[in-house]
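Descriptive structure summary
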Amino acid sequence: MKNILNVLLLVLLTSPIFSQSYNSKAIELNNNLDANYQLVIGTKLQMSLPKGFTKSTSYNGFSHKIAGTSIVITELPGDVNRNFLGFDKKSLFKSGVIVDKTTFYKINGFDAMLIEGKQSAYNKVYTRIMLVIGDVYRSYLVSASVFSTASDNHKQDVKDVLLGVIYNAELKSNMLDRFDFSVDVSGTVLKKGNLMLSSMTYTDDGFVPSNTEDKTSFMIREQAAINPLSDAEKKTLSVKLFDLYPLEWVNDMSREPKAISINNLNGYEIFSMGKNKDLFKMELIYQVILFREQNYYVLVGLTYGNFEENLRMFKKVAKTFKPQK
């Protein structure tokens, strides 16, 4: 996630000259909506997928389990032409992607950029195909990862899926619709984040990351356990997840997980303060893990200020957590 955010944070510049230069080279495509297209929940995109792809349960997008291919859809804040600038070769190289080719398109009249390259991760090499499309109000990144050993036909199928996308600015969409759970943040400072990757995200100013001094945020994500967990393993998991945060914990605060039950889901609550090792600032971390069959939900509140008030808010919001099915 950090690498993706690093790329997205580089899109804060604008360049009319750049826009004019690529528009003259753009390849025009016209995609026609038919019965094979389906709406990407929570977006203004419709996509037609070949056989073998199914909706992912762990991110907003689709996966081909046999081929090991993933297609992830992310909404980007702001003008698509500005966002193009964050996906140049140098910026993507910082996130581990080596760009082989960049092609500009106009898809049904909307500006788009297709990026083809490769990336190494987990001792494997992937072919990366990414499409950025949108208008002056919003953009979407459709990012595909394909094993480099996959057949040329499969890679072409994936490329065709991305270039076959239909962006419809008139479609009603809500980023929160992609999640099968909800929380109530009414009466708090929290606002829906303008960027959501794999987590439902709220911040104190609506921007991800927050631009305020406290940088208060509350995030919820769903995870799947590889195997059913015993009660002891659930408690151990809660502690291990909490200890991943890069903090030097204060000695006089307990990090012992406490049993908690919310909407008939049982789990563990942990909170503590410490000095962030990267920013050298005191930070409060609030975490709740709730277990449901073989899945579990991770609720995390983070803040650099107003610790007592924000802790009360985190606890209040966590108690409103509700799975929708």
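Below or above, wherever it landed, is the structure these notes cover.

Rules used throughout
Residues numbered from 1 in each chain as written. Predicted model: local features only at pLDDT ≥ 70, side-chain atom pairs only at ≥ 80, totals over all residues. Heavy atoms only, no water. Helix = DSSP H or I, 4+ residues; strand = E, 2+ residues; numbered from the N terminus. Rg over C-alpha atoms; globule rule 2.2 N^0.38 Å. Contact = heavy atoms within 4.5 Å. Lys, Arg positive; Asp, Glu negative; His and termini not counted. Charge placed at Lys NZ, Arg CZ, Asp CG, Glu CD. Pairing = 2+ DSSP bridges. Axes fitted to C-alpha atoms, helices over the stretch in contact; angles between N-to-C directions. Core = buried A, V, L, I, M, F, W, Y, C linked by side-chain atoms within 4.5 Å. Buried < 20%, exposed > 50% of the residue type's maximum accessible area, 1.4 Å probe, protein only. Salt bridge = Lys/Arg side-chain N within 4 Å of Asp/Glu carboxyl O. 1 Å grid on protein atoms, 1.4 Å probe; cavity = no way out; pocket = protein on both sides within 12 Å on 5 of 7 lines; lining within 4 Å. Points joined across faces, edges and corners; volume = space filled by probe spheres on them. Nonpolar A, V, L, I, M, F, W, Y, C, P; charged D, E, K, R; others polar.

Below, the discussion takes up the overall build of the protein chain. Of the regular secondary structure elements, the protein chain holds 7 helices and 21 strands. Over its C-alpha trace the protein chain gives a radius of gyration of 21 Å, about what one expects of a compact globule, namely 20 Å for 325 residues. Expressed as a percentage of contacts within the protein chain between residues at least 6 apart in sequence, the contacts between residues at least 24 apart total 55%. Across the protein chain, the 39 positively charged side chains and the 33 negatively charged ones have centroids separated by 2 Å.

This part takes up the sheet that holds strand E6 (residues 69-77). Sheets are built from strands paired through backbone hydrogen bonds, the pairs being either parallel or antiparallel. The mixed open sheet is built from 8 strands, whose spatial order is E1-E7-E8-E9-E10-E6-E5-E4. Of all the strands in the sheet, the pair left with one neighbour each is strand E1 (27-29) and strand E4 (54-55). Of the pairings in the sheet, the one linking strand E9 (residues 124-134) to strand E10 (residues 138-147) comprises 9 bridges and is antiparallel in character. When the sheet's bridge partners are listed, Val-132 is paired in E10 with Leu-141. Sheet strands touched by helix H5 (residues 152-163): E1, strand E5 (61-64), E6, strand E7 (97-107), strand E8 (110-121), E9 and E10. Its angle to E9, the strand with the most contacts, is close to 20 degrees.

With that settled, the discussion passes to the nonpolar core. Core analysis: the biggest nonpolar cluster contains 28 residues, and Phe-218, Ile-220, Leu-299 and Phe-321 have the highest contact counts within it. When residues of this core are traced back to their parent elements, those giving at least two are strand E14 (200-203), strand E15 (217-224), strand E17 (258-262), strand E18 (265-276), strand E19 (282-292), strand E20 (295-303) and helix H7 (307-318). The element that contributes the greatest number of residues to this core is H7, accounting for 5 residues. Apart from residues lying up to four places away in sequence, Ile-220 is in contact with Phe-181, Val-183, Ser-199, Met-200, Tyr-202, Val-298, Leu-299 and Phe-321. In terms of nonpolar packing, the next biggest core, distinct from the first, is built from 26 residues, Ala-112, Ile-133, Val-158 and Tyr-167 among them.

All right, on to the pattern of salt bridges then. Pairing is possible between side chains that carry opposite charge, provided their charged atoms lie close to one another. Summed over all chains, the structure comprises 6 salt bridges. Here Arg-255 ties to Asp-243 by a salt bridge, and the two come within 3.8 Å at their closest N and O atoms. On the criterion of sequence distance, the pair formed by Arg-255 in the loop between strand E16 (247-249) and E17 and Asp-243 in the loop between helix H6 (231-242) and E16 is long-range, its members being 12 residues apart. Judged by relative accessible area, Arg-255 falls into the partly exposed class, the value being 32%.

Moving on, we come to the sheet that holds strand E2 (residues 37-39). Ordered by their spatial adjacency, 3 strands build an open sheet running E2-E3-E11, and the pairing between neighbours is antiparallel. Only two strands of the sheet have a single neighbouring strand rather than two, namely E2 and strand E11 (166-167). Where E2 lies against strand E3 (residues 45-48), 3 bridges are found, and the strand directions are antiparallel. Looking at E3, one finds that Tyr-37 is bridged to Ser-48.

Next up on the list: the layout of surface pockets. Taken as a whole, the second largest pocket holds about 550 Å³ of empty space. Contributing to the lining of the second largest pocket are 22 residues, with Ser-56, Thr-57, Ser-58, Asp-180 and Glu-222 lying nearest its centre. If you list the elements that add at least two residues to the lining of the second largest pocket, you get E15 and E20. Along the lines of polarity and charge, the residues of the lining of the second largest pocket split into 6 nonpolar, 7 polar and 9 charged.

Here the focus is the pairing of E7. Across 3 bridges, E1 lies against E7 in parallel orientation. The residue bridging Leu-29 from the neighbouring strand is Ile-107, located in E7. As paired elements, E7 and E8 share 10 bridges and run antiparallel to each other. Across the sheet, Lys-101 pairs through a bridge with Glu-116, a residue of E8.

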